[in-house]
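Residue strings, one per chain:
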Amino acid sequence: MSASTPAQNAAVKTADLYDERGSELASISLQFQSLGGRSHFNGPARTIRCFQDNALVKSTLASPGNGAVLVVDGGGSLGTALMGDIIAESAVANGWAGVVINGAIRDREALARLDLGVKALGSNPKKSLKEGAGEVDVDVVIDGVTIRPGAAIWCDTDGILVEA
């Protein structure tokens, strides 16, 4: 972490950070909803690419998070939820700072009470598949922004910034 990089998991305002670092950061303009109990969260990114199958999300969030942010590229699908309250509770217990899902979650009232940052496109009560299809720790592209495993990511109610 460089001297100009804010401390991990501090309440960083993305607008102020962008004003300070500008071209070093990429901004995701897709309008994610803030659905977790933690409105500001940041950390190194871990990534998953999957489609309507949350087995990799569940197993990854059941492992030590060490303050990381899991970024899930679910292809923007709102057809099934990729995370619900049980998986989110596991994320909290394992030290994850937050989860960004380019897709849907479920159990939004329960997620709003957890000390976990959650950004998602929306919600759907329908369960996803559990086959384990997808890839972990690969570059993902959301709204034209590439998120690489280990890249710093900051989220708040204004949006999402990623180290370019």
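In this report, the structure presented in the accompanying data block is examined. (Residues numbered from 1 in each chain as written. Predicted model: local features only at pLDDT ≥ 70, side-chain atom pairs only at ≥ 80, totals over all residues. Heavy atoms only, no water.)

Regarding the overall build of the protein
- Along its length, the protein carries four helices and 11 strands.
- Taken along its principal axes, the extent of the C-alpha atoms in the protein is 40 × 30 × 25 Å.
- Pairs at least 24 residues apart make up 74% of the contacts formed inside the protein by residues separated by at least 6 positions.
- Carbon and sulfur atoms form 49% of the exposed surface of the protein, whose accessible area is close to 7300 Å².
- Once the 14 positive and 19 negative side-chain charges of the protein are each reduced to a mean point, those two points are 7 Å apart. (Helix = DSSP H or I, 4+ residues; strand = E, 2+ residues; numbered from the N terminus. Contact = heavy atoms within 4.5 Å. Areas by Shrake-Rupley, 256 points an atom, 1.4 Å probe, with all protein chains shown as cover. Lys, Arg positive; Asp, Glu negative; His and termini not counted. Charge placed at Lys NZ, Arg CZ, Asp CG, Glu CD.)

With respect to the layout of surface pockets
- Roughly 230 Å³ of volume is contained in the largest pocket.
- Considering the residues around the largest pocket, the lining is formed by 14 residues, among which Asn-54, Gly-84, Ile-87, Arg-106 and Lys-130 are closest to the centre.
- Of the residues forming the lining of the largest pocket, the biggest block, three residues, is contributed by helix H3 (residues 85–93).
- By residue class, the composition of the lining of the largest pocket is four nonpolar, three polar and seven charged. (1 Å grid on protein atoms, 1.4 Å probe; cavity = no way out; pocket = protein on both sides within 12 Å on 5 of 7 lines; lining within 4 Å. Points joined across faces, edges and corners; volume = space filled by probe spheres on them. Nonpolar A, V, L, I, M, F, W, Y, C, P; charged D, E, K, R; others polar.)

Looking at the nonpolar core
- Ranked by size, the top nonpolar core spans 23 residues in total, and within it Leu-61, Val-72 and Met-83 carry the most contacts.
- Of all the secondary-structure elements, those providing two or more residues to this core are helix H2 (55–61), strand S4 (69–81), H3, strand S5 (98–105) and strand S6 (117–123).
- Val-72 has contacts with Ile-48, Cys-50, Val-57, Leu-82, Val-99, Val-100, Ile-101, Asn-102 and Ile-142, leaving out every residue within four places of it along the chain. (Core = buried A, V, L, I, M, F, W, Y, C linked by side-chain atoms within 4.5 Å. Buried < 20%, exposed > 50% of the residue type's maximum accessible area, 1.4 Å probe, protein only.)

A short note on the pattern of salt bridges
- Inspection of every chain in the model, using the stated rule, returns seven salt bridges.
- Between Arg-46 and Asp-137 there is a salt bridge, with the nearest N and O atoms lying 2.8 Å from each other. Remark: Asp-137 occurs in the loop between strand S7 (135–136) and strand S8 (140–142) and Arg-46 occurs in strand S3 (residues 41–49); sequence separation between them is 91 residues.
- Residue classification places Arg-46 among the partly exposed positions, given a relative accessible area of 25%.
- Exposure remark for Asp-137: the relative accessible area of 38% places this residue in the partly exposed category.
- In this structure, a network of salt bridges that share partners links the residues Arg-21, Glu-24 and Glu-163. (Salt bridge = Lys/Arg side-chain N within 4 Å of Asp/Glu carboxyl O.)

Quick look at the side chain of Lys-119
- Tracing the chain through its elements places Lys-119 in strand S6.
- Among buried Asp, Glu, Lys and Arg side chains, Lys-119 stands out as unpaired, with Asp-156 the closest opposite charge at 5.6 Å.
- A distance of 2.5 Å separates a polar atom in the side chain of Lys-119 from the backbone oxygen of Asp-156.
- Those residues in contact with Lys-119 that lie beyond four places of it in its chain are Phe-32, Gln-33, Ser-34, Phe-41, Val-99, Val-100, Ile-101, Cys-155, Asp-156, Thr-157, Gly-159 and Ile-160. (Polar contact = N/O pair within 3.5 Å; in protein donor to acceptor, adjacent residues only side chain to side chain.)

A short note on H3
- Where H3 is concerned, the buried positions are Ile-87, Ala-88 and Ala-91. Looking straight down H3, one finds that the buried residues subtend no more than 100° of arc, so they occupy a single side. Across from the buried face of H3, at angles greater than 90 degrees, the exposed residues are Ile-86 and Ala-93.
- Against the buried residues of H3 lie H2 and helix H4 (108–111).
- Positive phi shows up at Gly-95, right after H3, with a value of about 80°. (Arc of directions from axis to C-beta.)

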